[in-house]
Amino acid sequence: MSKKYCYLFTEGNANMRELLGGKGANLAEMTNIGLPVPQGFTITTEACTQYYEDGKRINDGIMEEIMEYVAKMEKINGKKFGDLKNPLLVSVRSGARASMPGMMDTILNLGLNDDVVAAMIKANPTPEFERFVYDSYRRFIQMFSDVVMEVGKKYFEQLIDRMKTKKGVTYDVELTAADLKELAEQFKAEYKLRIGSDFPSDPKVQLNEAIKAVFRSWDNPRANVYRRDNDIPYSWGTAVNVMPMVFGNLNDNSGTGVAFTRNPATGEKKLFGEFLTNAQGEDVVAGVRTPMPISEMAQKFPEAFRQFEKICKNLEEHYRDMQDMEFTVENAKLYMLQCRNGKRTPAAALKIACDLVDEGMIDEKKAVAMIEPRTLDALLHPQFSAEVLKKTDPIGKGLGASPGAACGKIVFTAEDAKEWAERGEKVVLVRLETSPEDIEGMKAAQGILTVRGGMTSHAAVVARGMGKCCVSGCGDIKMDEENKKFRLARKTYNEGDYISIDGSTGNIYDGAIPTVDASIGGEFGRVMSWADKYRRLGIRTNADTPTDAAQAMKFGAEGIGLCRTEHMFFAEDRIRAIREMICADTTEQREKALERLEPMQQGDFEAMYTALEGKPMTIRFLDPPLHEFLPTEEEDIKELAWDMDKSGSDIRAIIAKLHEFNPMMGHRGCRLAVTYPEIAAMQTRAVIKAALNVRARHPGWDIVPEIMIPLVGEVKELKYVKDVVVKTADEIISNMQSNMKYKVGTMIEIPRAALTADEIAKEADFFSFGTNDLTQMTFGFSRDDANKFLTAYYDRKIYEFDPFGKLDQTGVGKLVKMAVELGRSTNPDIKLGICGEHGGDPSSVEFFHNAGLDYVSCSPFRVPIARLAAAQAAIKDGSCDRKPARQTAKKPAEKPVEKTAEKKTTEKKSAEKKPAAKKPAAKKSKK
């Protein structure tokens, strides 16, 4: 066979993660640098891909190679599968190239059967060893049944609970060898009952089935959800690692643990982790028993702990990043089972990056590149009010497993969390402990609270990765999951009751506690300054109010890339005027209504320009179809009829006439201005007058209005509306004897606009890609309705991700690239940006950087994400080394500051979200 599908740990290295997966590559690397790793082999990701291509079967050639490597592993370790004198027992673990904690499957203690168990006990008949063997056997039967044969683990948990009740004990470790032997027999009987055949005794059959199970787990629902959320392609596949078992559950002189070289919650440079004696790794991660802090390992196993501390230091220096490690101590001897760059909270990520720079381990560019942009979101959201917390006593306390604040209604299952969230409820998911099957509920919840588990439990690790608030291990909770209630601090909490949790302190509070806006600085500001130095793309924001604009400026936005004027019309003092304009019978009537709106619009724009302090703003003219502004309630229809001296039937007739079967592609955008040019003229007057007034008050601010005409698909449309704008603007500017400049551009959101961008660019000073509509019109489905069928598309691997959340670079991206190339071919100076939701998605930002755009625009809270993603894109392609370092934007002084040249090649724009038909609030009838 020409392609190699298996590698011994001695044959790989850290640079082979695409082939060996992250776990396999790191096991090989640890082997290479001389660490104590049980010697096994890795089955490559290409074997996983081939498994799926072959119809979910391992072909004979690959299976033959696997068995060759089993023989090599047997020789290296001096043990054999099924051998009654020296049996080889192995673990079979997944290992994708990107870390996916808890998303795929692991099988431990493989190779045990009745004969091997009997032979092991015969060779060492001590009660302690006999207990260990039966404990390992019952674990293997349960795990194999659950993971490989998909028999629910609950059946086995029920048998364990019955046994503990029968024996009058609380913990598994209190069961005797005889108890565990009986349990193993019960487990085998349960297996036969559920599967219809005996539990497999041939170790090679066990191995074959386990490998297939790990390959299958790449396609399980929780892995698919995790991949979509973390931009991990399905095509990557997972590797499988087969390695000899070492036993933390051998005796009280053994144990297992998980540790980090730095605190993953705070970033503190101090060994952090947890350890359990007489246990296997699953016990720590699953949270079945509450573990002890890693520091206590020093008293229990002093020599192994000293060795472990040295290994931690070596690994961090080797990888130059905080490491997450799994290890086992067997009879006081240390073995390393895994290392990887550790998952960390956003705050910890920033501190660790800064500390590593200060320690000389990495440079600024590496620090910027090592932070996951989307996790910054968790730093930017509200925290509990400190003033309220001072007056509020917690009702309980767990471990602060993932920082942040969350409050919501209590739910007890992942399914309920998802269902309640879909109908708009904020929920806190409360569980005994979470499992990988809970991922969608954890994602939907505001926060997670668990009764069991420590800082490295499944709930803690996954919540930190998601940026979700999590409190784990609150043992004071008396849980009644079946009846959906729990008791804490002498009070019973039922499903639907409000609770608040603080993932930083671990405190739990009764009811809903007010929150305050997050404040950023320190390491955050330092990393952002590095990002600004290296990025090429500008970052603007999408904002329609001075408050939103100010928030975005605080987060580092360099202007507004999308100001949606229609949002300003829905205010109660304006909706009547816009409705009168829509229902007017003549141009004169329309203009009269628009005269009432103009000063309101002008005031809005003056407030926006003032908040921006001289930074640029792109103002999109009226975009949604007119029927969205009209009343739907009978009371409002009567009021409008009274105001316009019309009958109710007249108004209903107008509403019916404006109704559209497909509003997304109807009478909207520039089509409104073509039909009613007086609308464009009014908006132009409001924009230009506002800019002139603010310039007069702040002569140091270089305000250049940017007027954007939406939904253009034909150059003649743009020219027609542009002529209205230019005529109106020039007249006002001339009358004011001003030299103010302004720009007129368009949104590229119709495929035809992208295809004819060379013609459109002749009439445009700038393009802004409206990727929301461009995605809708390219795919031919509405983002408001797509969720009804996209799940089926994900399940069938037709789509791997939501094209409205992450840019479709193959199709929509091709249109963007085409428009960039065509536009610059006829207008080399045209400014290019994007104002769709994709402007805040890291992978999409990288695409826009590579496509040559000048800026992206996104919602205010995604501005730091876009800044960091833009810097990472420049660092990745080396463009940050081919240009002068970017000057970090400084906050304007109180007195007016002259804007540094128009050469801001990086003006920034923020993610656009087109309004989906906003229904005006009902008004009181005319007295």
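Fair warning: this is a prediction, and the values are worked out from it, not measured in the lab.

Caption draft 1: Representation of the overall build of the protein in the model. If you tally the helices and strands in the protein, you get 34 helices and 32 strands. For the protein, whose C-alpha radius of gyration is 32 Å, the value lies close to the compact-globule estimate of 30 Å for 927 residues. Dimensions of the protein, computed from the C-alpha atoms along their principal axes, are close to 105 × 65 × 55 Å. Here the analysis covers contacts within the protein between residues at least 6 apart in sequence; of these, 71% occur between residues at least 24 apart. Carbon and sulfur atoms form 49% of the exposed surface of the protein, whose accessible area is close to 38,000 Å². The centroid of the 132 positive side-chain charges in the protein is displaced by 2 Å from the centroid of its 136 negative side-chain charges.

Caption draft 2: Spotlight on helix α4 (residues 114-123). Looking at α4, one finds that the buried residues are V116, V117, A119, M120 and I121. Buried residues along α4 sit in contact with α5 (127-148). Where α4 begins, the side chain of N113 points an oxygen toward the backbone nitrogen of D115, at a separation of 3.1 Å.

Caption draft 3: The nonpolar core, seen in detail. If you look at the biggest cluster of nonpolar residues, it comprises 111 residues, and the most contacted ones within it are I371, Y609, I709, F767 and L853. In contact with Y609, other than residues within four places in its own chain, are G614, M617, I619, V687, A690, A691, V694, W701, I703 and P705. Y52, F187, F215 and A460 belong to the second-largest nonpolar core, a separate cluster that totals 88 residues.

Caption draft 4: Expanded view of the sheet that holds strand β5 (residues 238-244). Strand order in the open sheet formed by five strands is β1-β2-β5-β3-β4, with antiparallel pairing between adjacent strands. In this open sheet, the two strands that pair with only one neighbour each are β1 (6-8) and β4 (106-110). Each neighbouring strand pair of the sheet contributes to a mean axis angle of 20°, computed without reference to strand direction. As judged from the seven bridges shared by strand β3 (residues 90-96) and β5, these two strands associate in the antiparallel manner. Bridge pairing in β5 places R93 opposite N241. Of the strands in this sheet, β1, β2 (41-43), β3 and β5 are in contact with helix α1 (residues 17-32), which crosses β3 at around 125°. Most of the contacts of helix α3 (residues 60-77) go to β1, to which it runs at about 10°, and overall it touches β1, β2, β3 and β5.

Caption draft 5: Representation of the sheet that holds strand β17 (residues 469-472) within the structure. Spatially, β12-β22-β21-β14-β15-β16-β17-β13 is the arrangement adopted by the eight strands of the open sheet, whose pairing is mixed. Where the open sheet ends on each side, the last strands, each with one partner, are β12 (396-397) and β13 (399-402). Most of the contacts of helix α16 (residues 414-422) go to strand β14 (residues 405-411), to which it runs at about 105°, and overall it touches β14 and β15 (427-431).

Caption draft 6: The pairing of strand β22 (residues 507-510), seen in detail. Both β12 and β22 contribute to a ladder of two bridges, which runs antiparallel. Across the sheet, the residue bridging to G396 is I508, located in β22. Across three bridges, the pairing between strand β21 (residues 498-502) and β22 is antiparallel. Across the sheet, I499 pairs through a bridge with D510, a residue of β22.

Caption draft 7: Spatial organisation of the state of the cysteines. Counted under the stated rule, the structure contains zero disulfides. With no disulfide of its own, C6 lies closest to C48 among cysteine sulfurs, the gap being 13 Å. C6 sits in the buried class, given a relative accessible area of 0%. Not part of a disulfide, C469 finds its nearest cysteine sulfur in C470, a span of 7.2 Å. You can call C469 buried: its relative accessible area is 3%.

Parameters and conventions
- Residues numbered from 1 in each chain as written.
- Predicted model: local features only at pLDDT ≥ 70, side-chain atom pairs only at ≥ 80, totals over all residues.
- Heavy atoms only, no water.
- Helix = DSSP H or I, 4+ residues; strand = E, 2+ residues; numbered from the N terminus.
- Rg over C-alpha atoms; globule rule 2.2 N^0.38 Å.
- Contact = heavy atoms within 4.5 Å.
- Areas by Shrake-Rupley, 256 points an atom, 1.4 Å probe, with all protein chains shown as cover.
- Lys, Arg positive; Asp, Glu negative; His and termini not counted.
- Charge placed at Lys NZ, Arg CZ, Asp CG, Glu CD.
- Buried < 20%, exposed > 50% of the residue type's maximum accessible area, 1.4 Å probe, protein only.
- Polar contact = N/O pair within 3.5 Å; in protein donor to acceptor, adjacent residues only side chain to side chain.
- Core = buried A, V, L, I, M, F, W, Y, C linked by side-chain atoms within 4.5 Å.
- Pairing = 2+ DSSP bridges.
- Axes fitted to C-alpha atoms, helices over the stretch in contact; angles between N-to-C directions.
- Disulfide = S-S within 2.5 Å.

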